[in-house]
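Summary of structural features
Given next are the chains, with one letter for each unit.
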Amino acid sequence: MMLSHRVGQACHVLVLVLCLSAAEDFDWSANNHDSFYYGTFPNGFSWGAGSSAYQTEGAWDKDGKGLSIWDVFTHKKGKTFLNDTGDSSCEGYYKFKDDISLIKELNLNHYRFSISWPRIMPTGIRSDHVNEKGVKYYNALIDELLKHNITPIVTLYHWDLPQVLQEKYGGWQNISMINYFNDFANLCFERYGDRVKYWITFNNPWVCSLYSSYNSKLKKCAHAKVWHTYDTQWRNKQRGMVGISLSGDWGEPVDITNQKDIEAAERYVQFYIGWFATPIFHGDYPQVMKDFIGRKSAQQGLGTSRLPTFSSQEKSYIKGTSDFLGVGHFTTRYITQKNFPFNRGSTYFSDRDVAELVDPRWPDPGSEWLYSVPWGFRRLLNFIKTQYGNPVIFITENGVSEKMMCTELCDDWRIQYYKGYINEMLKAIRDGVNVKGYTAWSLLDKFEWDEGYSERFGLYYVDFKNKNKPRYPKASVQFYKRIIKSNGFPNQREVENWKMKATETCSTSNQLLAAEEQRNTAANILRLIHDPLTSHMEMVTEVVVPTVCTLCILISAVFLMFLLRKRN
């Protein structure tokens, strides 16, 4: 199975694979959580929003860009929702100045984006060719950000591997990737490092590693090599920082008095964020991973553990290779002990011997795996503080989606999500956790991997049906903007007033967007009527689906069509 397929599946379905229904005798309210805290963040705290290249740029085959594994994967029918692709997406390649205006309007301090490896190295190999048009694009993006006093935080790898490297070498299964990735990173340091001071090597490598028999060792070595390259060749000149972005859900014991549940919950987190963080901070895999996978490997009659081992040289090379830790966090699970017999197959999930449960009362407005559980965020951050020596932390991803056919700019659920999660982060900072910045995920609605455009994470709504891809602010834009302006939550009355004003603003925006959709729908109907070769499927996807939740728009457009035909 191709790497990209694994990524797509992992992103959206893996978390619920082992979920259990709630036990009837379990008291979901047994674990009490702190109330809302009013206060402000430390001076100099950095507020931002994020994106990634494949999800937003579009221009998939323009100006000398090479193919990525996602270009190839999405062009195969049946691989994504409605066969959506990132071919044009948000057209960020052409509209980056418009998007920076939105960033400026939000008063953000930083913007996180990724560099498309095949855009600047079409084959992924520096000695083959460097695409200067691609290099020029990111130069322009960085310069425009700095012109508006917005700090760029740049991710080197956000899953869009050059297709040539996948076909020729098998991608991240091949040790040669370490040097190819280092060459790519070195070019980025060379061309952009005079202005970029925050680098992220990998975004959430956990996703790409789940279905490769724990073969994530290469990514850790590749990350370490890039860190050492920067440390020896560029740090003294450029004075920047290199880190990695790791995602992690929090696991809470179902029964906080049951030792097995406590151990299961810790194991859940260690198998998640600890799989990558522990080697980087301590030089080796978590002991619990080595114990569990080693024991199950032996039970299966294997001579060695399915979890690779690091040599003493590799341990010392990897340990300490992160100037900061990027943390992506979205949700929480309740965890209980569950034994999985070794003779029923061996996977990452069965190796953990845990089962996941969710509280049926947790809000879940969008992605099927994403429940809003703010208090888990504080607990995860304190876990990181304790486990890894309180490193410098930047929150690199945090946000919530909606999954609906209709247009809705009054995203009250997203306001509640950001309010709760940002407040729990503030509490964690009061606990002594060294969080320096926060990145809302994401700035724009965008291509969501195998879910296509059916899920929306953006602060700004993107009208993907319109070839110009216009952006419209959701209510959460105004709410987040006020958090930034106040650097926190000053008092209850003011925070409640923010929400009221945000809702008023989005009502007006909703009306403008509805009017635009009405015009577009009318135009589509007229085009379809006058084009006898148009297929029925095109009629469905371009007219019916976009107006499922705005039937009045469709009726108005049909009526308009009737009047025009009568006039003729």
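As recorded by an unreviewed UniProt entry, the protein chain carries the name Cytosolic beta-glucosidase and is attributed to Cyprinus carpio. As recorded by UniProt, the Sequence similarities (unreviewed entry) comment attached to the protein chain reads in full: "Belongs to the glycosyl hydrolase 1 family. Klotho subfamily."

What follows is about the UniProt feature "active site" (unreviewed entry) in the protein chain. Look at the UniProt record and you will see "active site" (unreviewed entry) annotated at Glu 397. Apart from residues no more than four positions distant in its own chain, Glu 397 is found in contact with Arg 112, His 158, Asn 203, Ser 247, Val 327, Gly 328, His 329, Phe 330, Thr 439 and Trp 441.

Around the barrel, eight strands lie side by side as β3-β4-β5-β6-β7-β9-β12-β13; this closed barrel has parallel pairing. For this sheet, the mean inter-axis angle between neighbouring strands, taken without regard to orientation, is 25°. Sheet analysis places strand β4 (residues 110-114) next to strand β5 (residues 151-157), joined by five bridges and oriented parallel. Along β5, the bridge assignment pairs Arg 112 with Ile 153. Contacting β7 (241-247) and β9 (325-328), helix α11 (residues 259-282) runs over the sheet at an angle of about 155° to β7. Together, β9, β12 (393-397) and β13 (435-440) form the strand contacts of helix α15 (residues 375-387), whose direction differs from that of β12 by roughly 135°.

Let us now look at the pattern of salt bridges. Opposite charge on two side chains permits them to pair, given that their charged atoms come into close proximity. Inspection of the entire model under this criterion finds 33 salt bridges. Put simply, Lys 62 and Asp 61 hold a salt bridge, and the shortest N to O gap is 3.0 Å. The salt bridge partner of Lys 446 is Glu 448, with a shortest N-O separation of 2.7 Å. Overall, the relative accessible area of 1% leaves Lys 446 in the buried class. If you follow the salt bridges from partner to partner, you end up with Glu 402, Asp 411, Arg 414, Asp 445, Arg 456 and Lys 474 in one network.

Spanning 12 residues, helix α17 (residues 475-486) covers 17 Å between terminal C-alpha atoms, matching the ideal 16 Å at 1.5 Å per step. Extensive coverage of α17 is indicated by the burial of nine of its 12 residues. Among the residues making up α17, those that are buried are Ala 475, Ser 476, Val 477, Gln 478, Phe 479, Tyr 480, Lys 481, Ile 483 and Ile 484. At the C-terminal side of α17, Asn 487 shows a positive phi close to 55°.

A few words on empty space enclosed by the protein. Per the counting criterion, the structure on display carries five cavities of 30 Å³ or more. Of the voids in this model, the second largest cavity is the one considered here, and its volume is about 140 Å³. Lining the second largest cavity are 14 residues, with Ser 51, Thr 56, Gly 92, Tyr 111 and Tyr 137 sitting closest to its centre. Looking at the lining of the second largest cavity, the elements with two or more residues in it are α2 (53-56), α4 (92-105), β4 and α6 (132-147).

For Glu 455, the position within the fold is in the loop between β13 and β14 (460-462). The exposure class assigned to Glu 455 is buried, which follows from its relative accessible area of 1%.

This brings us to the nonpolar core. Residues Trp 117, Trp 199 and Met 425 are the most contacted members of the largest nonpolar core, which totals 154 residues. With 12 residues, α11 is the single largest residue contributor to this core. In this structure, Trp 117 is in contact with Gly 124, Tyr 157, Asp 160, Leu 161, Pro 162, Leu 165, Trp 172, Met 177, Tyr 180, Phe 181 and Phe 184, ignoring residues within four places of it in sequence.

This part takes up unusual backbone geometry. Put simply, Trp 441 and Ser 442 share a cis peptide bond, and its omega is 15°. Take Ser 442: it is sitting in the loop between β13 and β14. Residues other than glycine seldom take positive phi values, yet Asn 83 does so here, at roughly 55°. Examined against the element boundaries, Asn 83 turns out to sit in the loop between α3 (69-74) and α4.

With six of seven residues buried, β7 lies mostly within the body of the structure. Direction of pairing for β7 relative to β9: parallel, over a ladder of four bridges. Paired with Ser 247 across the strands is Gly 328, a residue of β9.

In this section: the layout of surface pockets. Within this model, the second largest pocket holds a volume of roughly 420 Å³. Taken together, 22 residues line the second largest pocket, and the ones lying closest to its centre are Ser 372, Pro 374, Trp 375, Gln 416 and Gly 420. If you tally residues by element for the lining of the second largest pocket, the top one is helix α16 (residues 412-430), at eight residues. Of the residues that constitute the lining of the second largest pocket, the class distribution is 10 nonpolar, six polar and six charged.

The subject of this paragraph is the packing of α11 against helix α12 (residues 287-299). For the pair α11 and α12, interaxial distance at closest approach is 9 Å and the crossing angle is 110°. Looking at the two axes, α11 sits roughly perpendicular to α12. Contact with α11, carried on its side by Arg 267, Gln 270, Phe 271 and Trp 275, involves Val 288, Met 289, Phe 292 and Ile 293 of α12 and no other residues of that element. Across the contact of α11 with α12, the residue classes tally to six nonpolar, one polar and one charged.

Another aspect to go through is the packing of α15 against α16. At a minimum axis separation of 8 Å, α15 and α16 run at an interaxial angle of 35°. Handedness of the crossing formed by α15 with α16: right-handed. Along the contact surface, α15 presents Trp 375, Phe 377, Arg 378, Leu 381 and Asn 382, while α16 presents Tyr 421, Glu 424, Met 425, Lys 427 and Ala 428. Per-class residue counts for the contact of α15 with α16 are six nonpolar, one polar and three charged.

Rules used in this analysis
Residues numbered from 1 in each chain as written. Predicted model: local features only at pLDDT ≥ 70, side-chain atom pairs only at ≥ 80, totals over all residues. Heavy atoms only, no water. UniProt positions renumbered as here; feature names shortened; annotations may be inferred. Contact = heavy atoms within 4.5 Å. Pairing = 2+ DSSP bridges. Helix = DSSP H or I, 4+ residues; strand = E, 2+ residues; numbered from the N terminus. Axes fitted to C-alpha atoms, helices over the stretch in contact; angles between N-to-C directions. Salt bridge = Lys/Arg side-chain N within 4 Å of Asp/Glu carboxyl O. Buried < 20%, exposed > 50% of the residue type's maximum accessible area, 1.4 Å probe, protein only. Expected span 1.5 Å × (residues − 1). 1 Å grid on protein atoms, 1.4 Å probe; cavity = no way out; pocket = protein on both sides within 12 Å on 5 of 7 lines; lining within 4 Å. Points joined across faces, edges and corners; volume = space filled by probe spheres on them. Core = buried A, V, L, I, M, F, W, Y, C linked by side-chain atoms within 4.5 Å. Nonpolar A, V, L, I, M, F, W, Y, C, P; charged D, E, K, R; others polar. Parallel < 35°, antiparallel > 145°, perpendicular 65-115°, else oblique. Left-handed = near helix turned anticlockwise from the far one by under 90°.

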